[in-house]
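Working through the structure, step by step
Given next are the chains, with one letter for each unit.
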Amino acid sequence: KYKASTPRPPERKKRMGPLRHLVLLALTSAAPVKKPEFTTTASHQVVVRFNAASLPALEAIRAFSETEAVLFDYWSPLALDAPFDVRMEASQATALIRSLAGLDATASILIPDLHLLLATEKSGRANPLARSWEPAVYHSYDQIVDYFQNSAVPDASRIASTFSIGTTHEGRDLRVVRITGGNKSTSADGMPTHNGLPAVWMMSLLHAREHLTGAAMSVIVDRLLKTYRTDPSATRLVDQFDLFFLLVANPDGYEYSRNSDRWWRKNRRPNAGASCVGTDLNRNFAHRAWGESSGSSSDPCSDIYHGAGAGSESEVAAIQRFITEFGTGADGSSHFKLFIDHHTYSQMWLYPWGFKYDAAPHSAEHYALCEAAVEAMRQVHGKTFTFGPAASTIYVTTGDSTDWAYDPLPSSSPESPGFIKHVFTIEGRDMGNFGFVAPASEILPAAEELFAGLNAALLAVAPSDLPPTPPKPPAPPPAASPPPSPPKPPPAPATCVDSPGCPHLNDGDCDDGGPGSAYDFCEYGGDCTDCGPQLPPPNSPDSSYCNNECQHASDGECDDGGEGSHYSVCDFGSDCIDCGERFVEGEEGEEGEEGEE
């Protein structure tokens, strides 16, 4: 799973074949052992990356995992001759690593101190008493819903609306944000209907512990709402598509993960006749392979428990109902032309099939789209994403969201799937150095990567799916030329500089680029409507911004405020990572290289 690899066409040799998979199934099919509850991190916990190259080594690891009173939390599935990650107590990890000596296996400590990562992540949470939205931090479910429902969407009501597609077991809304430059059409009951534009579905936090996914997607939605008029890429997306974002697909599980058990993955509905709570929502979708033991579990205590029935969970049922009821075109395909389920971690784009190793009918188109998307993402921060069919690229899954969206029940057509042709699971950053516990500093880079990938994906979808451009009306006959006017004096150069002491209006508008400006999603010098107190002179000791000689590097990063700067989701003067060779303080900006499900 973690081997460095070059993306390859689907017909090439697969990473995990069916025979290997049957062997693993035999190893993992034993009755589950009752494990202690490890919902806190009072002990010293680590994450270990194992790679067992032989069956005896794999069996030794599996046997150890079933020992009483051993914490063995798989962050990725048990695998033969491929790395997999496990959360353990440090002392038990040391004992297991020693016991593997002489066997054909390797083990290394990937995360040496989960306490430290947890503390760092928690420090990046939004202030619960904050009266305004704090960008690029971790918000609670209530904060996310309140901001978009009561502030961000009403402020952009010409292009945006928000609505609920259902409720969870604990009564929380599954709230969706709709953004479109087209008609915000609705049915008699207020639910959105097809407006003639190709629709796009994106969701995050289907797995509760993957906090980075919801935070990154919230940044993207906020950016689209705020930059629709100023960012050409945002304008294009909004005007040409009907965008739907389910930011928190598993609200109950997400809040439980935030407040009780950080490693919780499933939803929170009790299971009849079992003491264990919750279903893995990404094994519960009503695909024809739902419930097969090869890619899910019938054990309610398992993290990949598939539920009591296909689509039995309220969160999954609501998603399926809304997407199918949104309607189809004349060919029977959905009005949704792109479906993305955002997860973390391991930096991958995955497409059907998940339940078997065979290539899906549209695999060549999936491959081409992913190739463009991952290259666009690489250009943002240099992160490499692999891609391919889910089963052969990561592992077999049954009842997952993308197999369902591609080939749903009851309209499943095994010979001719493609209800939604372009369906993808994105496994975001990183490669395991943070795993599920990324610090808040990862949110903005993750959002920038995801936005670049989304743009590239929609460029691939748009040519065949966009409605034709209506013909332009004939041009009127030219009017008689008026007599020539006397030449006008040349205009005075636009200086647009703040005066000292001009107060900042805090009105959210773009500023003029003079000293003390506070930029907000706009190009440098975009307008002259706002100003603020003087910043320190560029050569002062406490100055934190670059000199005015540095040029824009055209890499999408935040800039320093010098000539040629182009602001992107940051406050004026907040960093100096995108400028020339010299900083005022004599240091170069540098982005750390960090680093999955």
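Residues numbered from 1 in each chain as written. Predicted model: local features only at pLDDT ≥ 70, side-chain atom pairs only at ≥ 80, totals over all residues. Heavy atoms only, no water.

**Digging into the side chain of Asp231**
Considering the arrangement of structural elements, one finds Asp231 in the loop between helix H6 (211-227) and helix H7 (232-240). A distance of 2.8 Å separates polar atoms of two side chains, one belonging to Asp231 and the other to Ser233. (Helix = DSSP H or I, 4+ residues; strand = E, 2+ residues; numbered from the N terminus. Polar contact = N/O pair within 3.5 Å; in protein donor to acceptor, adjacent residues only side chain to side chain.)

**A look at helix H2 (residues 55-65)**
By the burial criterion, the buried members of H2 are Ala57, Leu58, Ile61, Arg62, Phe64 and Ser65. End-on, the buried residues of H2 take up no more than an arc of 160°, which puts them together on one face. (Buried < 20%, exposed > 50% of the residue type's maximum accessible area, 1.4 Å probe, protein only. Arc of directions from axis to C-beta.)

**A closer look at the nonpolar core**
Core analysis: the largest hydrophobic core is formed by 79 residues, its most contacted members being Phe148, Ile179, Leu224 and Trp349. No other element matches the 13 residues that helix H13 (residues 443-465) contributes to this core. With 32 residues, the next largest nonpolar core counts Ala289, Phe326, Ala405 and Phe419 among its residues. (Core = buried A, V, L, I, M, F, W, Y, C linked by side-chain atoms within 4.5 Å.)

**Description of the environment of Ile323**
The topology assignment puts Ile323 in helix H9 (residues 314-325). Judged by its relative accessible area of 0%, Ile323 falls in the buried class. Separated by 12 residues in sequence, Ile323 and His335 have C-alpha atoms that sit 8.8 Å apart. In this view, Ile323 contacts Trp201, Ser334, Phe336, Phe339, Trp404, Phe419 and Ile420; residues no more than four positions away in its chain are not counted. (Contact = heavy atoms within 4.5 Å.)

**A look at the confidence of the model for the protein chain**
Residues of the protein chain with pLDDT of at least 70 account for 69%, and the chain-wide mean is 78. Segment residues 25-40: pLDDT under 50, and 31 contacts once partners within four positions in sequence are set aside and those in other chains are kept. (pLDDT = per-residue confidence, 0-100.)

**Considering the pairing of strand E8 (residues 242-246)**
Within E8, five of the five residues are buried, which leaves the element mostly enclosed by the surrounding structure. Residues of E8 alternate between two faces, with Asp242, Phe244 and Leu246 on one and Leu243 and Phe245 on the opposite face, all of them buried. Inspection of the sheet shows strand E6 (residues 173-180) paired to E8 by five bridges, in the antiparallel sense. Note that in E8 the partner of Ile179 across the bridge is Leu243. Sheet analysis places strand E7 (residues 199-204) next to E8, joined by five bridges and oriented parallel. (Pairing = 2+ DSSP bridges.)

**Considering the packing of aromatic side chains**
Where two aromatic rings form a pair, the distance of their centres and the angle of their planes describe that pair. Across all of its chains, the model carries 29 aromatic pairs by this definition. Ring centres of Trp133 and Tyr147 lie 4.1 Å apart, and the angle between their planes is 15°; on these two criteria the pair is classed as stacked. Here the residue Trp133 occupies a position in the loop between helix H4 (114-123) and helix H5 (141-155), and Tyr147 occupies one in helix H5, the gap between them amounting to 14 residues. Judged by relative accessible area, which is 17%, Trp133 ranks as buried. Pairing Trp353 with Phe355 gives two aromatic rings, centres 5.2 Å apart and planes at 75°, and the pair type is edge-to-face. (Phe/Tyr/Trp six-rings, centres within 6.5 Å; stacked < 30°, edge-to-face > 60°.)

**What to know about the sheet that holds strand E4 (residues 105-111)**
Judged by pairing direction, the sheet is antiparallel, and its four strands sit side by side in the order E2-E3-E1-E4 without closing on themselves. Either end of the sheet is taken by a strand with one partner, and the two such strands are strand E2 (73-74) and E4. Across six bridges, the pairing between strand E1 (residues 45-52) and strand E3 (residues 84-89) is antiparallel. Each residue of the ladder has a partner; that of Phe50, found in E3, is Phe84. Seen against the sheet, helix H3 (residues 90-99) touches E1, E3 and E4 and runs at an angle of roughly 125° to E3. In this fold H4 packs onto E1, E3 and E4, with an angle of close to 120° to the strand it touches most, E1. (Axes fitted to C-alpha atoms, helices over the stretch in contact; angles between N-to-C directions.)

**Quick word on the state of the cysteines**
As enumerated under the stated definition, the model contains one disulfide in all. Residue pairing for Cys276: its cysteine sulfur links by disulfide to Cys301, the two sulfurs lying 1.9 Å apart. Across the S-S bond linking Cys276 and Cys301, the dihedral sits near 80°, which makes this disulfide right-handed. With Cys276 in the loop between helix H8 (251-259) and H9 and Cys301 in the loop between H8 and H9, this pair connects stretches of sequence that are 25 residues apart. (Disulfide = S-S within 2.5 Å.)

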